[in-house]
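Spelled out from the first residue to the last, the chains are:
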Amino acid sequence: QVQLVESGGGLVQAGGSLKLSCVASGRTVSSYVMAWFRQAPGKEREFVAAISWNGGNTRYTYSLKGRFTISRDNAKNTVYLQMNSLKPEDTAVYSCAAKNDFGQYNSYSSYEYWGQGTQVTVSS
């Protein structure tokens, strides 16, 4: 079993930055694909970014590429999401997820483990 705990969310003004962290426990996730998804009120869960086990392969939802950066530190069992130039429409609960292969990386149903999420609110 893998437990994922996100942190780093909060309230930020438009144009600001936040860095989310997701720490894994229970077993090492160094061989796992890690991803971030988000869900805004009244909207479906949306893929944000994914990263391969060694960080060599990353994918982003097109509209966020350039503003968001996913990274990982396997020694710390942690994945990060650096979010810059935040906009009010980025307001959502951000959750990290893990699975053991890169196939269907943007499909939330393919992920085996999930964190509880952290709230990000961007004010205008």
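How each quantity is defined
Residues numbered from 1 in each chain as written. Predicted model: local features only at pLDDT ≥ 70, side-chain atom pairs only at ≥ 80, totals over all residues. Heavy atoms only, no water. Disulfide = S-S within 2.5 Å. Helix = DSSP H or I, 4+ residues; strand = E, 2+ residues; numbered from the N terminus. Buried < 20%, exposed > 50% of the residue type's maximum accessible area, 1.4 Å probe, protein only.

(A) Here's a closer look at the state of the cysteines. Under the counting rule described, the total for this entry stands at one disulfide. Here Cys22 engages in a disulfide with Cys96; their sulfurs sit 1.9 Å apart. Between Cys22 and Cys96, the S-S torsion sits near 45 degrees, and that sign places the bridge as right-handed. Within this pair, whereas Cys22 is found in strand β3 (residues 18-25), its partner Cys96 is found in strand β9 (residues 92-99), the two being separated by 74 residues in sequence. Cys22 gets classed as buried once you look at its relative accessible area, which sits at 1%. The class of Cys96 is buried, set by a relative accessible area of 0%.

Nothing here speaks to function; it is geometry throughout.
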